[in-house]
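# Topology and contacts: notes
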Amino acid sequence: MFEAAETEPRPADPGPARDRAKSVIRTEGLSMIFGAVRALDRLDIDIAEGEFVSIMGPSGSGKTTLLNILSCLDTPSEGVYRLDGVDVSGMSEQQRAMIRREKIGLVFQQFHLIPYLTALENVMLAQHYHSVADAGEAREHLGNVGLADRADHLPSQLSGGEKQRVCIARALVNEPAIILADEPTGNLDEENEKVVVELLQRLHGEGRTIALVTHNPEMGALAGRTIYLRHGRLDRQVIR
Ligand SMILES: Nc1ncnc2c1ncn2[C@@H]1O[C@H](COP(=O)(O)OP(=O)(O)OP(=O)(O)O)[C@@H](O)[C@H]1O
Ligand SMILES: [Mg+2]
């Protein structure tokens, strides 16, 4: 019986799930050159649909530069960036802005909130770009980050952690498939950090693709894979 089983044809090894899934973010020879500084140096990375990847590395290793390109805010000096299979590296600013609004939710360490708009209006502004302003939906997203009772506050009337959570609500209001976050808990206390971590885990559970830049090893370890950058290059990867 054992013999028979041995002679049966075996299916080809499908490899890790990541290799089978559709690639959402793929860079080939990606470089970003600022004068004499090579902030990214021929970087090849591949992130599959639904994957949660953290990006770590020393200060100045190119993490924010990479995220700015992945979010279509910047274009690389050299190399190719394919988003959902489409080469976006040569696209105009307008085209990239459209793709960003369609597909990407961005959370920055610096909040970039409009100072004269309330929390609710800041979230609705993101909807506005999407041409469907819906106060109820915006309020719901503020509620999801525990800020239902701060909807009418101006950014100057919010704490750092509250501002960060407004940014997260704003990033999520259009239900983006891809979430890119640059040190989203860098300004938060432990309790608010927990709120953000749980939110990221929930989003991952819902099937979103997440790339998270962090200096916090515990947060980095939440991801299924960590990419370590060094001098703009891929230093190593840890797969969990
Ligand atoms: N606009 C720019 N002009 C010139 N140099 C830049 C510019 N942006 C970034 N750099 C340089 O590129 C390198 C990578 O910067 P980047 O902000 O990507 O680092 P980082 O890994 O995000 O660091 P940190 O952990 O401190 O946020 C740094 O040496 C930085 O000084
Ligand atoms: Mg940075």
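Per an unreviewed UniProt entry, the protein is named ABC transporter ATP-binding protein, and its organism is Paracoccus halophilus.

Read from one edge of the open sheet, four strands run 2-1-4-5, paired in antiparallel fashion. Because the sheet does not close on itself, it has two edges, and the strands there are strand 2 (37-48) and strand 5 (86-87).

Hydrogen bonds along the backbone pair up the strands of a sheet, which may run parallel or antiparallel. Pairing in this open sheet of six strands is mixed, and the strands run 6-7-8-3-9-10 from one edge to the other. Two strands close off the open sheet at either side, each with one partner strand: strand 6 (104-107) and strand 10 (233-239). Strand after strand, the sheet turns through a mean of 15 degrees between neighbouring axes, direction not considered. Seen against the sheet, helix 3 (residues 63-70) touches strand 3 (52-56), strand 6, strand 7 (178-182), strand 8 (209-213) and strand 9 (225-230) and runs at an angle of roughly 155 degrees to strand 7.

With that out of the way, let us pick up the pairing of strand 9. With five of six residues buried, strand 9 is to be regarded as a mostly interior element. Bridge count between strand 3 and strand 9: four bridges; the pairing is parallel. Among the inter-strand pairings, methionine 56 is bridged to a residue of strand 9, identified as tyrosine 228. Sheet topology note: the strand 9/strand 10 ladder contains six bridges and is antiparallel. Paired with leucine 229 across the bridge in strand 10 is leucine 234. Taking the residues that link successive antiparallel strands as the turn, the strand 9-strand 10 hairpin has two residues, and the phi of histidine 231 there is positive, at about 50 degrees.

Ser59, Gly60, Lys63, Thr65 and His215 are the nearest of the 13 residues found near ligand 1. Here an oxygen atom of ligand 1 and a backbone polar atom of glycine 62 are 3.0 Å apart. Within the complex, 59% of the 630 Å² of free accessible area of ligand 1 lies under protein. Only strand 2 and helix 3 provide two or more residues apiece to the shell around ligand 1. Considering each element in turn, the shell around ligand 1 owes the most residues, three residues, to helix 3. Considering only residue class, the shell around ligand 1 consists of four nonpolar, seven polar and two charged.

Glancing now at the nonpolar core. In this structure, Val123, Leu142, Val166, Ile168, Ile210 and Leu212 are the most contacted members of the largest nonpolar core, which totals 34 residues. Looking at this core, the elements that each hand over two or more residues are helix 5 (119-129), helix 6 (135-144), helix 7 (160-172), strand 7, helix 8 (190-205) and strand 8. Not counting residues up to four positions away in its chain, the partners in contact with valine 123 are Ala138, Leu142, Val166, Ala169, Arg170 and Val173. Listed in part, the 28 residues of the second largest apolar core include Ile104, Leu180, Ile227 and Leu229.

Taken residue by residue, the protein gives an average pLDDT of 88. The fraction at 70 or more is 90%. For the protein, the element scoring lowest by mean pLDDT is helix 1 (residues 2-7), at 43; strand 9 scores highest, at 98. When the criterion is pLDDT under 50, residues 1-12 qualifies, and its contacts beyond four places in sequence or with other chains add up to zero contacts.

For the structure shown, the criterion picks out 17 salt bridges. Between arginine 208 and glutamate 175 there is a salt bridge, and its shortest N-O distance comes to 2.9 Å. Of the two residues, arginine 208 sits in the loop between helix 8 and strand 8 while glutamate 175 sits in the loop between helix 7 and strand 7, which places them 33 residues apart along the sequence. Here lysine 194 makes a salt bridge to glutamate 198, at a shortest N to O gap of 4.0 Å. Here lysine 194 pairs with glutamate 198, and both are found in helix 8, just four residues apart, close to one helical turn. Sharing partners across several salt bridges, the network here consists of Arg38, Asp41, Arg42, Glu78 and Arg233.

Conventions adopted
- Counting restarts for each chain: residues are numbered from 1 in the order of the written sequence.
- As a convention, the first chain written is A and the first ligand written is 1, with the rest following in written order.
- The predicted origin of the model limits local features to residues at a pLDDT of at least 70 and limits the giving and counting of side-chain atom pairs to 80 or more, whereas totals for whole chains, interfaces and linings rest on all residues.
- No hydrogens and no water enter the side-chain calculation; it runs on all heavy atoms of the structure.
- Note on pairing: DSSP must find at least two bridges between two strands before they are called paired.
- Numbering of helices and strands runs from the N terminus, with a helix taken as a DSSP run of H or I at least four residues long and a strand as a DSSP run of E at least two residues long.
- Each axis is a line fitted through C-alpha atoms, taken for helices only over the stretch in contact, and angles between the N-to-C directions span 0 to 180 degrees.
- We call two residues in contact whenever any of their non-hydrogen atoms come within 4.5 Å of each other.
- Note on classification: 1.4 Å probe, protein chains only; a residue is buried when its accessible area is under 20% of the maximum for its type, exposed when over 50%, partly exposed between these limits.
- Here a residue counts as near a molecule or strand whenever at least one of its heavy atoms sits within 4 Å of it.
- N or O atoms within 3.5 Å of each other form a polar contact, as long as, within protein, one can give a hydrogen and the other can take it, and as long as residues adjacent in sequence are counted only when both atoms are side-chain atoms.
- Calculation of accessible area relied on Shrake-Rupley with a 1.4 Å probe; when residues are assessed, cover is drawn exclusively from the protein chains displayed.
- Classes in brief: Ala, Val, Leu, Ile, Met, Phe, Trp, Tyr, Cys and Pro nonpolar; Asp, Glu, Lys and Arg charged; the others, Gly included, polar.
- Among the buried residues, those of types Ala, Val, Leu, Ile, Met, Phe, Trp, Tyr and Cys that are joined through side-chain atoms within 4.5 Å form a nonpolar core.
- pLDDT is defined as a per-residue confidence score from the predictor, taking values between 0 and 100.
- Each salt bridge in this description consists of a side-chain nitrogen of Lys or Arg and a carboxyl oxygen of Asp or Glu lying within 4 Å of one another.

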